[in-house]
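# Coordinate analysis (summary)
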Amino acid sequence: MSIQFDFGIMYQGDALAMLRTLPDSSMDALVTDPPYSSGGLHASARRADPAQKYQTTGTKRTYPPMLGDCKDQRSFITWATLWLSECWRLLRPGAPALIFSDWRQLPAMTDAVQAAGFKWRGVVVWHKPSARPLLGEFRRDAEFIVHAAKPPAKTFNRTCHPGVLRHAVDTSRKVHLTGKPVALLKDLLAVTPEGGTVLDPFLGGGTTAIACIETGRRFVGVELSAEYAELAADRIRQAEAAVAG
Ligand SMILES: C[S@@+](CC[C@H](N)C(=O)[O-])C[C@H]1O[C@@H](n2cnc3c(N)ncnc32)[C@H](O)[C@@H]1O
């Protein structure tokens, strides 16, 4: 199923299956936040409900279930290589790719990115000042964005963008269990071409699409969960109405 918007299109279904239907060299950037399949050393810990893995104990707010977050390490790398290879085919040469990861899955994700044919360019840090304290340990107050490009890597402006992006989780605009702040996505889009089309195969609550709308870009999104696709569609319509004034 697909929903057409003024600024783009969202498909509800499996990313790999949907990506295979799209034409070669049709996208200007990949910006995505896939399920991390993180949360522990052992298979049982990874299979736990994402609400348990990624939410602080005692958090009252509930969200629809997040799908596809229980792969073991080998299947995670194989699966990520498959969908990243499809994204590589869809991107134009020189297009940037920005893929979220956490500290546990960062080595797996950088392996998959390179196995899919991308040139790895670096890692951007998302600093989350609101992370809970861990007594006697380092506060885990960062997530990471793998920066890569479909060769030959290109730049699209002459600004030097910061490598550490500080944004609090925006609970007032968050509709997804692991929803990212719109302002963070807007900062990431700064290295993508203005007016270009941005691919997000794991759209969740639609944050990438909203950042595209607010910065004058187009989007192509995919989301497996019907509940999250509906929430994303509502947010996208509101964002489009806001920019239309
Ligand atoms: C980390 S979340 C994205 C959150 C998003 N960045 C936001 O701010 O709302 C990953 C999303 O991928 C979806 N997903 C999991 N497996 C998928 C698949 N095979 N194809 C498409 N979407 C999938 C999950 O349902 C989840 O909503």
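These numbers come from a predicted model, not from an experiment. (Residues numbered from 1 in each chain as written. Predicted model: local features only at pLDDT ≥ 70, side-chain atom pairs only at ≥ 80, totals over all residues. Heavy atoms only, no water.)

This part is about the overall build of the chain. What the chain contains, in helices and strands, is 8 helices and 9 strands. At 17 Å, the chain has a C-alpha radius of gyration in line with the 18 Å of a compact globule built from 245 residues. In terms of overall dimensions, the chain has a C-alpha envelope of 45 × 40 × 35 Å along the principal axes. Among the 245 residues that make up the chain, the fraction classed as buried is 51%. Across the chain, every contact between residues at least 6 apart in sequence was considered, and the portion connecting residues at least 24 apart equals 75%. The average position of the 29 basic charges and that of the 24 acidic charges among the side chains of the chain differ by 5 Å. (Helix = DSSP H or I, 4+ residues; strand = E, 2+ residues; numbered from the N terminus. Rg over C-alpha atoms; globule rule 2.2 N^0.38 Å. Buried < 20%, exposed > 50% of the residue type's maximum accessible area, 1.4 Å probe, protein only. Contact = heavy atoms within 4.5 Å. Lys, Arg positive; Asp, Glu negative; His and termini not counted. Charge placed at Lys NZ, Arg CZ, Asp CG, Glu CD.)

Okay, the environment of Tyr228 next. Along the chain, the position of Tyr228 falls in helix 8 (residues 226–244). A sequence separation of 216 residues divides Tyr228 from Gln12, and the C-alpha atoms of the two residues are 9.3 Å apart. With residues up to four places along the chain from it excluded, the contact list for Tyr228 reads Tyr63, Pro64, Pro65, Met66, Val175, His176, Leu177, Gly204 and Glu223. Within polar-contact distance, the side chain of Tyr228 engages the backbone oxygen of Pro64 at 2.7 Å. (Polar contact = N/O pair within 3.5 Å; in protein donor to acceptor, adjacent residues only side chain to side chain.)

Cross-referencing UniProt, the feature "domain: DNA methylase N-4/N-6" (unreviewed entry) maps to residues 28–158 and 173–233 in the present numbering. Along residues 173–233 the backbone is 39% helical and 16% strand, and the end-to-end C-alpha distance reaches 14 Å. (UniProt positions renumbered as here; feature names shortened; annotations may be inferred.)

With that out of the way, let us pick up the packing of aromatic side chains. Under the criterion given, the structure shown has 5 aromatic pairs. Taking 5.9 Å as the distance between ring centres and 45 degrees as the angle between the ring planes, the aromatic pair formed by Phe5 and Phe219 counts as tilted. Placement of the pair is Phe5 in the loop between strand 1 (2–4) and strand 2 (8–12) and Phe219 in strand 9 (residues 218–223), with a sequence separation of 214 residues. Judged by centre distance (6.3 Å) and plane angle (50 degrees), the rings of Phe76 and Trp79 are tilted. Placement of the pair is Phe76 and Trp79 together in helix 4 (residues 73–90), with a separation of 3 residues, close to one helical turn. For the pair Phe76 and Trp79, a shared accessibility class is recorded, and that class is buried. Chaining the aromatic ring pairs together yields one cluster made of Phe76, Trp79, Trp83 and Phe202. Just above the ring of Trp79 sits the side chain of Lys71; from NZ or CZ to the centre is 4.4 Å. For the cation-ring pair, Lys180 lies above Phe100, with the distance from its terminal atom to the ring centre recorded as 5.5 Å. (Phe/Tyr/Trp six-rings, centres within 6.5 Å; stacked < 30°, edge-to-face > 60°. Lys NZ or Arg CZ within 6 Å of the ring centre and 35° of its normal.)

So, on to the site of the ligand. If you check the shell around the ligand, you find 22 residues, and the closest are Asp14, Ala15, His176, Thr207 and Glu223. Between His176 and the ligand, the recorded distance is 2.7 Å, taken from a side-chain N or O atom to an oxygen atom. With respect to the ligand, the backbone of Gly205 contributes an N or O atom lying 2.8 Å from an oxygen atom. Within the complex, 97% of the 610 Å² of free accessible area of the ligand lies under protein. (Near = heavy atom within 4 Å. Areas by Shrake-Rupley, 256 points an atom, 1.4 Å probe, with all protein chains shown as cover.)

It is worth spelling out the sheet that holds strand 4 (residues 96–101) at this point. Read from one edge of the open sheet, 9 strands run 1-2-9-8-3-4-6-5-7, paired in mixed fashion. Either end of the sheet is taken by a strand with one partner, and the two such strands are strand 1 and strand 7 (164–166). Neighbouring strand axes in the sheet, compared pairwise and without regard to direction, differ in orientation by 20 degrees on average. Pairing geometry for strand 1 and strand 2, over 3 bridges, is antiparallel. Its bridge partner being in strand 2, Ser2 is matched across the sheet by Tyr11. With respect to the sheet, helix 6 (residues 182–189) is in contact with strand 3 (29–32), strand 4, strand 5 (119–127), strand 6 (142–149), strand 7 and strand 8 (197–200), its orientation differing from that of strand 4 by roughly 150 degrees. (Pairing = 2+ DSSP bridges. Axes fitted to C-alpha atoms, helices over the stretch in contact; angles between N-to-C directions.)

We now examine the packing of helix 4 against helix 5 (residues 106–115). Packed helix pairs are specified by the crossing angle of their axes together with the interaxial distance, meaning the distance between the axes. The N-to-C vectors of helix 4 and helix 5 enclose an angle of 35 degrees; their axes lie 8 Å apart at closest approach. Seen along the crossing, helix 4 lies across helix 5 with a hand that is right-handed. Of the residues in helix 5, those touching helix 4 at Gln73, Phe76, Ile77, Ala80, Thr81, Trp83 and Leu84 are Ala108, Met109, Ala112, Val113 and Ala115. (Left-handed = near helix turned anticlockwise from the far one by under 90°.)

Another aspect to go through is empty space enclosed by the protein. On inspection of all chains with the given rule, the structure shows 1 cavity of 30 Å³ or more. Put simply, the largest cavity is a space of about 40 Å³. Lining the largest cavity we find Arg173, Lys174, Val175, His176, Gly179, Lys180, Gly205, Thr207 and Arg235. Partitioned by chemical class, the residues of the lining of the largest cavity number 1 nonpolar, 4 polar and 4 charged. (1 Å grid on protein atoms, 1.4 Å probe; cavity = no way out; pocket = protein on both sides within 12 Å on 5 of 7 lines; lining within 4 Å. Points joined across faces, edges and corners; volume = space filled by probe spheres on them. Nonpolar A, V, L, I, M, F, W, Y, C, P; charged D, E, K, R; others polar.)

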